[in-house]
Amino acid sequence: MNIDHHEGFQRMIDESLAGAISAEKEQSLREHLSTCATCREYLSASNRVIAGLSGFSFEVNPTLHARVLAALKLQAEQVPAAQPGRRRLMRQHNVQFKVWAAFAVALSMSIVGSALVYQVAKLLTVPMHFDTAQVQAGVLVFWLLPSFCSALLLLAAPGENRGIA
Amino acid sequence: MESDTQRIALGLRQRDVAVLETLVEQYQYRLVRYLVSLLGRRDGVDDFVQETWLRVLERAGSYDGHSRFEPWLFRVARNIALDAMRKRPMFSLDSNEEDGVRSSPASGEPSPYTLAARTEDAERLAHSLQTLEPVYREALVLRFQEDLSLQEISVIVGAPVSTVASRIYRGLATLRPQFEGEIA
C-alpha cells in the first residue's frame, strides 16, 4: 500500500475527529481501518491527543466565584433590565421615518418644482417658438421624471448610502 | 414549550440574579479553561472572566436563545481578551495568524499546562500545547473539550468552517508525534 493511500485515509481520520466527514467517507474509512494497522495507529495516536487534552485541570481561584457574583449583582441593580431588541427596533423605526420623510419632501419638491418650471417655461414659449405640448413634454422629461426618480432612489438605497446610520 | 436557552435569554434580559448564579456556576470553569487556551497563561484570566460576565449582563439583549449559550459566551470572552491584548502591552499581539492571537506566557513562570496536567498523557502534551499557536490550541479546546461543532467554533472565532477544520488538523498534527510509534 503506498503512502498517498494512507495519507488519504489519515486525512479522513482528521475529518472524522473534527466532525467534518460525510457518511460515505466514514463508512469507507471504517472498512479501511479494519485492514490497515498503520492508519489504526494514526487514529490511536490522535485519540491519545484528544484524551490527553482532558487530562488538564486548572485551579480556579476560590474567591473568583463570589467576586464575579458580587460584581454581577451590583451591575444588575444599577442598570435597568434590557428590553429585547428595543433599542434596535427604535433605531430601525427612526431610520424608516427619516427615509419616508425624505421621500415625502423630495416628492413635494418634485411636484411643486415641476409646476414652477412649467410656469416659467410657458413664459418662454413665445420667444423660443415652443408650443404648449413641447413645453409639457420638456418639463415632464427633463424635470418631473428625473426628480421623481431621485425621490424613489431614496427609498431603494441602503441606509448607509443615504447617510442615515 | 420554553427551551433552556430561551430561559437563559429571558433570565439575562430580566437581570435575574438566580439565572446569573446558575450560569456562573455552570460555565465558570469552562470559561477559565477557554481563556487559558486563548492566552496561554493563567495570570490575568480571572479578570477576563469577571469582565466577560459583566459584558454578558450588559449585552444580555443580544442573546436571543435560539442557539446554544456556550458559543455566545465564548465569543464574548474572546472579544474581551482580544481587546485587552490590543490595549495592554503585557499581552503580545505579534502573530502571523490572520486574527492576531498569540500567546505570551510570562517569562520564568511555569506553563499553565504543566501546572494543570493531571494524567501522564497530559504531562506529555503540556509543553507542546504551550508552544502551539494559540489559534490551533483554541480550536482543539473548543472542539474536543467544549464539544462544539465546526459551525459553532466558526462563529466564535469569526473564521470560515474550512479554516477552523484546518486549524484542528494542524493542531492534531503538531501534538500527535507525542504518541506515535506506541501501541495504545
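Here the structure is a predicted model, which is why all the values come from computation and not from measurement. (Residues numbered from 1 in each chain as written. Chains lettered and ligands numbered in written order. Predicted model: local features only at pLDDT ≥ 70, side-chain atom pairs only at ≥ 80, totals over all residues. Heavy atoms only, no water.)

K.L.:
If you had to explain the overall build of chain B to someone new, which residues and values would you point to?
P.N.:
A count of helical and extended segments in chain B gives nine helices and zero strands. In sequence order, the secondary structure elements of chain B are arranged as α-α-α-α-α-α-α-α-α. Considering only residue pairs separated by 6 or more positions, chain B has 65% of its internal contacts joining residues 24 or more positions apart. Of the roughly 8000 Å² that chain B leaves accessible, carbon and sulfur atoms contribute 49%. (Helix = DSSP H or I, 4+ residues; strand = E, 2+ residues; numbered from the N terminus. Contact = heavy atoms within 4.5 Å. Areas by Shrake-Rupley, 256 points an atom, 1.4 Å probe, with all protein chains shown as cover.)

K.L.:
Before we move on, can you summarise the environment of Arg30 of chain B with the specific residues and values?
P.N.:
Locating Arg30 of chain B in the fold gives a position in helix H2 (residues 17-39). Apart from the residues lying within four places of it in its own chain, the contact partners of Arg30 of chain B are Glu70, Phe74 and Glu146 of chain B.

K.L.:
Help me get a handle on the pattern of salt bridges, residues and values and all.
P.N.:
All names here are of chain B. Across all of its chains, the model carries 17 salt bridges over all chains by this definition. Note that Arg30 is salt-bridged to Glu146, the shortest N-O span being 2.5 Å. Here Arg30 is found in helix H2, whereas its partner Glu146 is found in the loop between helix H7 (134-145) and helix H8 (150-157), with 116 residues between them in sequence. Residue class for Glu146 comes out buried when judged on its relative accessible area of 3%. The closest approach of N and O atoms between Asp147 and Arg143, which form a salt bridge, is 3.9 Å. Looking at Asp147, the relative accessible area reads 55%, which means it is exposed. Arg143 gets classed as buried once you look at its relative accessible area, which sits at 15%. (Salt bridge = Lys/Arg side-chain N within 4 Å of Asp/Glu carboxyl O. Buried < 20%, exposed > 50% of the residue type's maximum accessible area, 1.4 Å probe, protein only.)

All we've got here are geometric facts, nothing functional implied.
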